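Tertiary structure, described
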There are 2 protein chains.
Amino acid sequence: MKRAVVLLSGGLDSATTLAVARSEGYDTIALSFRYGQRHAIELEAAGAVARQLGASRHEIIDIDLRSIGGSALTADLPVPTGRSRSELESGIPITYVPARNTIFLSFGLAWCEVLGTGDLFIGVNSLDYSGYPDCRPEYIQAFEAMANLATRASVEGSLRYRIHAPLLSSTKAEIIRRGRALGVDYSLTRSCYDPDLHGRACGRCDSCQLRLRGFAEAGVTDPAPYQGPRDP
Amino acid sequence: MKRAVVLLSGGLDSATTLAVARSEGYDTIALSFRYGQRHAIELEAAGAVARQLGASRHEIIDIDLRSIGGSALTADLPVPTGRSRSELESGIPITYVPARNTIFLSFGLAWCEVLGTGDLFIGVNSLDYSGYPDCRPEYIQAFEAMANLATRASVEGSLRYRIHAPLLSSTKAEIIRRGRALGVDYSLTRSCYDPDLHGRACGRCDSCQLRLRGFAEAGVTDPAPYQGPRDP
């Protein structure tokens, strides 16, 4: 059976990506990171998603990005809330974590190499809204090119690495529709940058706004728990 | 003052690389990794080298590569010893750690981004002997290309990343001569894959053999401590 490593944060996009990998017939190893994020509830969500979608393994890797800092997701900086659509669409937000996807993909590459598979899935998405440099197609291509020079297989010619980013050009609404068709239980997923202790989303941060707008455009109610009223 | 991040393992090559960066006028932040290596004595050596060569900071990042496995340096596999020169020069040894340089450079990139510098030094070396795919010039170029698409600066056009690999085409003997001219105290450095509890080198593993051959070719005695007789 063909095998793939899937980066899984516990959010909406990575859950859908895992479902896509499963639907393409891959035996999947889900990889999550405890990286000092404010929203560590993500990791419980990732475990639940991995089980629901039938991943064979779920590995959590500890890396401390807090010592590096530079982001509201890992440092003691306020997460922006209530931003307008045009604010969301301009510039790189403070929630960007320096080189995060590069670090995550590097660990994914190491796992691929040890498992002997060339298929690595990541749920990045460049449309709709992102503002994160490491979610752009040209970045993903450059990582793939580098990966194909980085490993034992690249010298021995035994394997080609492919970074699968099946959601790269989808809107949030399209992602949600696709995931629902593939049986993703979105009540298990968590996207909020600043959830409460019960894991309930704030409904106001950038990530919540994008998620809620996506569900609204898909004509579906978000089944995940929220603390109070939902913004968009 | 211009600033650089320098990956520092505590071995001969990375110590020399730090000295090169210092000689080029960089204020240097040395970065080491506690990655589950057998030879954790490296990290003490890295600290001593950072102090000797005047790095401004020495950061140690914890990442667990043991959970990934796949190498004699992180798993419970025997380190090869007493291999001949032709054995050393053929194939990729079991001491290769999957995607290690990619992971290390990714963390280096994150530090560069937070510090606002584009200069990242790594002591890889493709000549003499290596066999490691992630020590080749084409790999370093591909990582640099990827880095220049990965970060905030790459979107805002504010900074260009450069991966400096000043030892890429040097023999071990040339590296040692260069480092001595720059004042590197090689008695502080550790290269052995399997040192004893006192940090004394085995003298027989691939890394010791390369090091000892380099010193011999440079016409200098290695000042680092060894457990017993030295092989080449």
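Here, every reference points to the structure presented above.
Source: prediction; values computed, not measured.

A word on the interface of chain A and chain B. Of the residues lining the interface, 37 residues belong to chain A; the matching set on chain B comes to 37 residues. Mapped by element, the contributors of at least two residues to the side of chain A that touches chain B are β3 (57-62), α4 (100-115), α5 (137-150) and α6 (152-156) of chain A. At 9 residues, the largest contribution of residues to the side of chain A that touches chain B is made by α4(A). Here the side of chain A that touches chain B is built from residues that sort into 22 nonpolar, 7 polar and 8 charged.

Once chain A has been moved 0.0 Å along the axis and rotated by 180 degrees, it coincides with chain B to within an RMSD of 0.0 Å. Here the copies are linked by what is in effect a two-fold axis. In terms of proximity to the rotation axis, the leading residue of chain A is A:Ile63, whose C-alpha is 2.7 Å off the axis. In this assembly the copies share their binding face: 100% of the residues contributing to the interface of chain A also contribute to that of chain B.

Turning to the sheet that holds strand β2 (residues 27-34) of chain A, a few remarks are in order. All names here are of chain A. Pairing within the open sheet is parallel, and its 5 strands lie in the order β3-β2-β1-β4-β5. Since the sheet does not close on itself, it has two edges, and those belong to β3 and β5 (162-164), each with one partner. Ignoring which end each strand starts from, the neighbouring axes of this sheet average 25 degrees apart. As judged from the 2 bridges shared by strand β1 (residues 3-7) and strand β4 (residues 119-121), these two strands associate in the parallel manner. Of the residues in β4, the one forming a bridge with Val 6 is Phe 121. Most of the contacts of α4 go to β1, to which it runs at about 160 degrees, and overall it touches β1, β2, β3, β4 and β5.

On to helix α7 (residues 172-181) of chain A. Spacing of three or four residues puts side chains on the same side of an α-helix, whose turn is 3.6 residues. All names here are of chain A. All of the buried residues along α7 are Lys 172, Ile 175, Ile 176 and Gly 179. With its buried residues spanning 95 degrees around the axis, α7 presents them on a single face. For α7, the elements touching its buried residues are α1 (12-23) and α8 (206-218). Of the residues one or two after α7, Gly 183 is the one with positive phi, at around 85 degrees.

Reading the values: the criteria
- Residues numbered from 1 in each chain as written.
- Chains lettered and ligands numbered in written order.
- Predicted model: local features only at pLDDT ≥ 70, side-chain atom pairs only at ≥ 80, totals over all residues.
- Contact = placed C-beta atoms within 7 Å.
- Helix = DSSP H or I, 4+ residues; strand = E, 2+ residues; numbered from the N terminus.
- Nonpolar A, V, L, I, M, F, W, Y, C, P; charged D, E, K, R; others polar.
- Least-squares fit on C-alpha atoms with pLDDT ≥ 70 in both.
- Pairing = 2+ DSSP bridges.
- Axes fitted to C-alpha atoms, helices over the stretch in contact; angles between N-to-C directions.
- Buried ≥ 20, exposed ≤ 12 C-beta atoms within 10 Å, placed from the backbone.
- Arc of directions from axis to C-beta.

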